[in-house]
Amino acid sequence: MLNNSYLQELLDAEQKRQHEGLELIPSENYVSKDVLNALGSVFTNKYSEGYPNRRYYGGQQNTDKVESFAIEKAKLLFRADHANVQPHSGAPANEAVYSAWLEPGDTVIAMDLSHGGHLTHGSPVTRSAHLYNFIRYKMKNVETGEIDYDGLRELALKHKPKIILAGFSCYPRELDYAKFAAIGNEVGALLMADMAHIAGLIAGGVAKNPFDYGFHVITTTTHKTLRGPRGGMILTKGHVGNPLKAPEKTIENIPTLVDRSIFPGMQGGPHMNNILAKAVAFDEASQPAFKEYAKQVVSNANALANILMKNGFKLITNGTDNHLMLIDVKESLDIDGSVAEKALDKAGLTTNKNVIPDDKLPPFRPSGIRLGTPAVTTRGFKTEHMEKLATWISESLKNHDDDKKLDKIRIQVKEFSSNFPLPSDT
Ligand code: DSN
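In short, a report on the structure. (Residues numbered from 1 in each chain as written. Predicted model: local features only at pLDDT ≥ 70, side-chain atom pairs only at ≥ 80, totals over all residues. Heavy atoms only, no water.)

Attention now goes to the packing of aromatic side chains. One pass over the full model with this rule turns up 15 aromatic pairs. With centroids separated by 5.5 Å and ring planes inclined at 70°, the aromatic side chains of Y98 and F134 adopt a geometry described as edge-to-face. Taken together, the residues Y98 in helix α4 (residues 90-101) and F134 in strand β6 (residues 133-137) connect sequence positions 36 residues apart. Residue Y98 is classed as buried on the basis of its relative accessible area of 0%. Assessed through its relative accessible area of 8%, F134 is described here as buried. (Phe/Tyr/Trp six-rings, centres within 6.5 Å; stacked < 30°, edge-to-face > 60°. Helix = DSSP H or I, 4+ residues; strand = E, 2+ residues; numbered from the N terminus. Buried < 20%, exposed > 50% of the residue type's maximum accessible area, 1.4 Å probe, protein only.)

So, in structure tokens, the structure goes:
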């Protein structure tokens, strides 16, 4: 219990919200009790600037072992040569790679935000976009989700990017990494993949691993499908050189360049409680049960997408290959994503409004809502439960202005959810 009753009330209210509703935001998940315990552990008291066996503070006999454990587990999970587990989240992980490899003004080719890319892939509102020159590629066909690889190659030949970035935060299909790699190799670009959304699917063996196609760097968050604490990580090929000598900018030196870019380049002390929790989560993701989880996430998403489409909803790319889907609520029901998000919230179903490709509506009331299955799968939902979920989504959206109806659905959601405990309850 917290001493401050106001803060305890807020914590209780959030516990209740998470128990009684269903989390459908595809970038969220429910962590295990062990991950929560690690986050709330005394490692939060410790400063550990530097890396294992090269710290600027004493008392590192335990932190060094924890961080080394997390690094080795991450390398094994993703078939990486090197892992930096210190990034505080995904945005600093991406910035650290840019800063390790680029000079101001250099060019990066990345996916357009409205076609599924992320803010940190060059959205004009970010600091990186002021420092570097971002060029965007898009889908060629929004009905199938096929990326315009010919257009991407033309852009690469014309602009000679230093980085080609594959990755997304709202793209429901699998990328063709071999095509990215062929284009990147032709122009001598660093091949970087931002796998924040699908890291757990890669670890669980149900999504392709960009390293198998010649990529040099993967960035990710650790809290989405990977089901760890909020945080980031950079995985690389290459070899760690002399940490005291400024390395030349070669692909072989990427591990050293990245390490120096994170610390001391842009972060100070790593959050060791968080790194302990990452170590726990990577260990959990190495277990056979995690493979089953990852498989179930994808089967559930596929089932949910198909039922929603059968119920007349328009999905961007007409389905999904991964854990997420994007409903065009403007075309489906002539409402905007903000109205949809609010209605679903009232029914106890948490989603987020999202732009659709080349959206004509603004980001605060875009045409879509994004949803996914990582969290409900953690609670034990199987494909046979997707029909019920799809009916609630569909009924809530169709009755978005009927509070009585939404409240009825919320009670049904609450009753049903009570059969599916959070992992931290058990
Ligand atoms: N905010 C994350 C997401 O929801 O996809 C990306 O950073």
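In a beta sheet, neighbouring strands pair by backbone hydrogen bonds and run either parallel or antiparallel. Across the sheet, which stays open at both edges, the seven strands sit in the order β4-β12-β11-β10-β9-β5-β6 with mixed pairing between neighbours. Pairing within the sheet leaves two strands with one partner each, and these edge strands are β4 (82-84) and β6. Pairs of neighbouring strands in the sheet enclose a mean axial angle of 20°, with direction left out of account. The sheet contact formed by strand β10 (residues 190-194) and strand β11 (residues 217-221) spans three bridges and is parallel. Bridge assignment links M192 to a residue of β11, and that residue is V217. (Pairing = 2+ DSSP bridges. Axes fitted to C-alpha atoms, helices over the stretch in contact; angles between N-to-C directions.)

Every residue near the ligand is listed here: S27, H118, S169, H197, K224 and R370. Between the ligand and H118 there is a distance of 2.7 Å, counted from an oxygen atom to a side-chain nitrogen or oxygen. A distance of 2.7 Å separates an oxygen atom of the ligand from a polar side-chain atom of H197. Relative to its unbound accessible surface of 230 Å², the ligand loses 63% to contact with the protein. (Near = heavy atom within 4 Å. Polar contact = N/O pair within 3.5 Å; in protein donor to acceptor, adjacent residues only side chain to side chain. Areas by Shrake-Rupley, 256 points an atom, 1.4 Å probe, with all protein chains shown as cover.)

Let us look at the pattern of salt bridges. A complete count under the given rule lists 23 salt bridges for this structure. The salt bridge involving E292 is made with K295; its shortest N-O contact spans 3.8 Å. Of the two residues, E292 and K295 both sit in helix α11 (residues 288-310), three residues apart, roughly one turn of that helix. We classify E292 as partly exposed; its relative accessible area is 49%. On the accessibility criterion, K295 (45% relative accessible area) is partly exposed. Salt bridges sharing common partners tie together K16, E20 and K414. (Salt bridge = Lys/Arg side-chain N within 4 Å of Asp/Glu carboxyl O.)

Checked against the element boundaries, D359 lands in the loop between β15 (352-354) and β16 (368-372). For the buried D359, which has no salt bridge, the nearest side chain bearing the opposite charge is K360, at an N-O separation of 7.5 Å. One polar contact links the side chain of D359 to the main-chain amide nitrogen of L361, over a distance of 3.0 Å. Within polar-contact distance, the side chain of D359 engages the side chain of S367 at 2.6 Å. If near-sequence neighbours (up to four positions away) are discounted, D359 is found in contact with S114, N354, P366, S367 and G368. (Lys, Arg positive; Asp, Glu negative; His and termini not counted. Contact = heavy atoms within 4.5 Å.)

This part takes up unusual backbone geometry. Note the cis peptide between F263 and P264, where omega equals 10°. For P264, the position within the fold is in helix α9 (residues 254-266). Residue N318 is not a glycine yet carries a positive backbone phi of 55°. Judged by its relative accessible area of 33%, N318 is partly exposed.

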